[in-house]
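Chains, contacts and geometry: an overview
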Amino acid sequence: MYNNSYPIPITAYSVNEAPYVYTSLGEAIGRAHHTEDRTAGTIACFGGEPLQPGVTARAWLKAGYVKER
């Protein structure tokens, strides 16, 4: 399900469907560099879909942009 309406509240998806949320750092980076709202505590997305475990998620976790729910 492609979603272009940000931010996406955590109630929109289960933990299994959307295991990551943005952090305050992710929010600040989003505000500075991206057009969509990446409010801390909301579902982290990649390509219009909830971020899933993998290379991108590991990099974002390491950088502090997201955290696990």
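Located above this text is the structure these notes cover.
First things first, this report covers the structure right here in the doc.

1. Brief notes about the environment of Glu68
Of note, Glu68 is situated in strand β4 (residues 66–68). For Glu68, a relative accessible area of 55% corresponds to the exposed category. Among residues more than four places away in sequence, those in contact with Glu68 are Pro19, Tyr20 and Leu61.

2. Quick notes on the side chain of Thr42
Mapped onto the secondary structure, Thr42 falls in the loop between α1 (24–33) and β2 (45–46). Residues contacting Thr42, with those up to four places away along its chain left out, are Pro7, Ile8, Ile10, Tyr20, Val21 and Tyr22.

3. As for the environment of Gln52
With respect to the helices and strands, Gln52 occurs in the loop between β3 (49–50) and α2 (55–63). For Gln52, a relative accessible area of 36% gives the class partly exposed. Spatially, the C-alpha atom of Gln52 lies 8.0 Å from that of Glu17, the residues being 35 residues apart in sequence. Apart from the residues lying within four places of it in its own chain, the contact partners of Gln52 are Asn16, Glu17, Ala18, Pro19, Tyr20 and Ala57. Within the local environment of Gln52, its side chain forms a polar contact with the backbone oxygen of Glu17, the two atoms lying 2.7 Å apart.

4. Some thoughts on the pattern of salt bridges
As enumerated under the stated definition, the model contains one salt bridge in all. For Glu27, the salt bridge identified is with Arg31, shortest N-O distance 3.1 Å. In this pair, Glu27 and Arg31 both sit in helix α1, four residues apart, roughly one turn of the helix. Looking at Arg31, the relative accessible area reads 61%, which means it is exposed.

Scoring rules and cut-offs
Within each chain, residues carry numbers counting from 1 in the order of the written sequence. Residues qualify for local features only when their pLDDT is at least 70, as the model is predicted, and side-chain atom pairs are given and counted only at 80 or more; totals for whole chains, interfaces and linings, by contrast, use all residues. Note that water and hydrogens are dropped before the side-chain values are worked out from all heavy atoms of the structure. Under the scheme used here, helices are H or I runs from DSSP no shorter than 4 residues and strands are E runs no shorter than 2 residues, and both carry numbers assigned from the N terminus. Here's how the labels work: a residue is buried when its accessible area is under 20% of the maximum for its type, exposed when over 50%, partly exposed in between, all with a 1.4 Å probe on protein chains only. Contacts are residue-level and defined by heavy atoms, with any inter-residue pair within 4.5 Å sufficient. Pairs of N or O atoms are called polar contacts if they sit within 3.5 Å, as long as, within protein, a hydrogen donor faces a hydrogen acceptor (for residues adjacent in sequence, only side-chain-to-side-chain pairs). Between Lys or Arg on one side and Asp or Glu on the other, a salt bridge is scored when a side-chain nitrogen of the former is within 4 Å of a carboxyl oxygen of the latter.

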